[in-house]
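Chain and residue survey
Each chain, written out:
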Amino acid sequence: MDATTVTVTGAGGQIGYSLLFRIASGDMLGADRPVRLRLLEIPQGLKGAEGAALELQDCAFPLLAGVEITDDARVAFDGANLALLVGARPRTAGMERADLLAANAGIFGPQGAALNDVAADDIRVAVVGNPANTNALIAAASAPDIPGDRFAALTRLDHDRAVAQLAAALDVPVAHLRGVVVWGNHSATQFPDVAHATVDGRPVLDALADRLGGADAATTWLDEEFVPRVAKRGAEIIAVRGSSSAASAANAAISHVRDLVHRTGDAWTSAAVLSHGEYGVPDGLYSSAPVSSDGTGYRIVEGLELDDRGRARLDASVAELVAERDAVHALGVI
Ligand code: NAX
């Protein structure tokens, strides 16, 4: 089988350090798919990528067909089948949102343009670097020849966090849960939603009500503990670990691509994909939604009911995405 070319940007960073080994071992594409890795870094990050490449060599992964390191996006994306855009400009002290968006537009705009020009015809792009939804919008807008539904931003970590918190609250294994959804922006406004979730086929809302002493108590727990805990889990990790989520973010990126490539079956997961107006989200935004894959790409699962509470939360997160998009437009980047 021909090797799949996978480009990882920000490969010398901490997520990259967890991600590369999982990709090379076959966790992402399967034990029968050789992989050629391309690592894109900025000049000051090249040493980190080179160190990771030395360790990749030392692992003697049977599936790893080669590793190339570059600081040139057109070299990194040449013939790429999959691109994981991890490298981004972090928010630093005193930086306003507009500054952050502008700095990242300076990264994701040119990377989108390079993908447009040199990537393989079947390119699929997963944006991890923050602000992920709007970075996906910028990259896609800069790649006019690549269909917008080939881009997605990662909300799988939020999804997995929600599943894990729910499993702990219900004292069940995570595999017994289905139908959790994360809506909106990969930010503190995200809405982890369990209204459609089941535990062993039974509505999660009923199971929570039984466990917590009634439907009102379940709603209070969801609003006051579950939603904020999931939405602010990144800050909790930083407070405890001293640095941001890395292995769990890498794992979520692996799961995102694995499920895209290997199909979700009749289950769904969450990803921020291009809106065509589903669930009232304006056209053209990259907003998290329930998605399934037939192996070619993620599509939004339609037909779920949002109650007033859910609607208000999704609207608030979408308003934030609209504001980010408008700020990027005002900067004249796209
Ligand atoms: P690190 O700072 O450890 O690594 C980032 C790497 O990107 C650095 O090595 C840097 O040199 C490189 N880089 C910067 N600009 C680049 C460019 N133009 N081209 C190529 N490489 C470039 O950050 P890390 O912890 O790995 O996080 C990476 C990104 O993921 C951040 O934006 C972070 O906020 C985001 N996250 C997204 C998550 C998600 O669920 N979507 C969760 C985890 C994480 O917070």
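Residues numbered from 1 in each chain as written. Predicted model: local features only at pLDDT ≥ 70, side-chain atom pairs only at ≥ 80, totals over all residues. Heavy atoms only, no water.

The pairing of strands in a sheet comes from backbone hydrogen bonds and takes either a parallel or an antiparallel form. Read across the sheet, 9 strands follow the order 3-2-1-4-5-6-12-13-14 without closing on themselves; strand pairing throughout is mixed. Both outer strands of the open sheet, strand 3 (64-70) and strand 14 (298-300), are each paired with one neighbouring strand and no more. Each strand axis lies, on average, 35° off the axis of its neighbour in the sheet, ignoring direction. One ladder, built from 6 bridges, connects strand 12 (residues 269-274) with strand 13 (residues 286-293); its direction is antiparallel. Its bridge partner lying in strand 13, Thr-269 is registered against Val-291. Lying on the sheet, helix 1 (residues 14-25) is in contact with strand 1 (4-9), strand 2 (35-40), strand 3 and strand 4 (82-85); it crosses strand 2 at an angle near 165°. (Pairing = 2+ DSSP bridges. Helix = DSSP H or I, 4+ residues; strand = E, 2+ residues; numbered from the N terminus. Axes fitted to C-alpha atoms, helices over the stretch in contact; angles between N-to-C directions. Contact = heavy atoms within 4.5 Å.)

One water molecule sets the probe size; rolling that probe over the atoms shows where empty space is left. Size it by volume and the largest pocket reaches roughly 1500 Å³. Forming the boundary of the largest pocket are 48 residues, of which Ala-88, Pro-90, Val-128, Gly-129 and Asn-130 lie nearest the centre. Elements that contribute at least two residues to the lining of the largest pocket include exactly helix 1, helix 4 (97-118), helix 6 (156-170), helix 9 (233-241) and helix 11 (308-331). Here the lining of the largest pocket gets 7 residues from one element, more than from any other, and that element is helix 4. Looking at the lining of the largest pocket residue by residue, the class counts come to 21 nonpolar, 17 polar and 10 charged. Counting the residues that make up the lining of the largest pocket, at least three belong to each of domain 1 (4-153) and domain 2 (156-326). Going through the elements one at a time, helix 6 and strand 7 (177-178) are the ones with two or more residues in the lining of the second largest pocket. (1 Å grid on protein atoms, 1.4 Å probe; cavity = no way out; pocket = protein on both sides within 12 Å on 5 of 7 lines; lining within 4 Å. Points joined across faces, edges and corners; volume = space filled by probe spheres on them. Nonpolar A, V, L, I, M, F, W, Y, C, P; charged D, E, K, R; others polar. Domains from an automatic or database assignment.)

Time to look at the pattern of salt bridges. Taken as a whole and judged by the stated rule, the model has 16 salt bridges. Note that Asp-223 is salt-bridged to Arg-309, the shortest N-O span being 2.7 Å. Of the two residues, Asp-223 is situated in helix 8 (residues 215-231) and Arg-309 in helix 11; the sequence distance between them amounts to 86 residues. Judged by its relative accessible area of 27%, Asp-223 is partly exposed. Here Arg-313 makes a salt bridge to Asp-223, at a shortest N to O gap of 3.3 Å. With Arg-313 in helix 11 and Asp-223 in helix 8, the pair connects residues that are 90 residues apart, well separated along the chain. (Salt bridge = Lys/Arg side-chain N within 4 Å of Asp/Glu carboxyl O. Buried < 20%, exposed > 50% of the residue type's maximum accessible area, 1.4 Å probe, protein only.)

The environment of the ligand is formed by 22 residues, the closest being Gln-14, Ile-15, Glu-41, Val-128 and Asn-130. Interatomic distance of 3.4 Å between a side-chain N/O atom of Gln-111 and a nitrogen atom of the ligand. Here a nitrogen atom of the ligand and a backbone polar atom of Leu-154 are 3.4 Å apart. Going through the elements one at a time, helix 1 and helix 4 are the ones with two or more residues in the shell around the ligand. Of the residues that constitute the shell around the ligand, the class distribution is 10 nonpolar, 11 polar and 1 charged. When residues are assigned to domains, the shell around the ligand turns out to be shared by domain 1 (4-153) and domain 2 (156-326), each giving three or more. (Near = heavy atom within 4 Å. Polar contact = N/O pair within 3.5 Å; in protein donor to acceptor, adjacent residues only side chain to side chain.)

Moving on, we come to the sheet that holds strand 7. Spatial ordering of the open sheet is given by 7-10-11, a layout of 3 strands whose pairing is antiparallel. Only two strands of the sheet have a single partner each, and these edge strands are strand 7 and strand 11 (202-203). Two strands pair when backbone bridges link them, and strand 7 and strand 10 (residues 198-199) are joined in this way by 2 bridges, in the antiparallel orientation. Each residue of the ladder has a partner; that of Leu-177, found in strand 10, is Val-199.

That is the geometry; function is a separate question.
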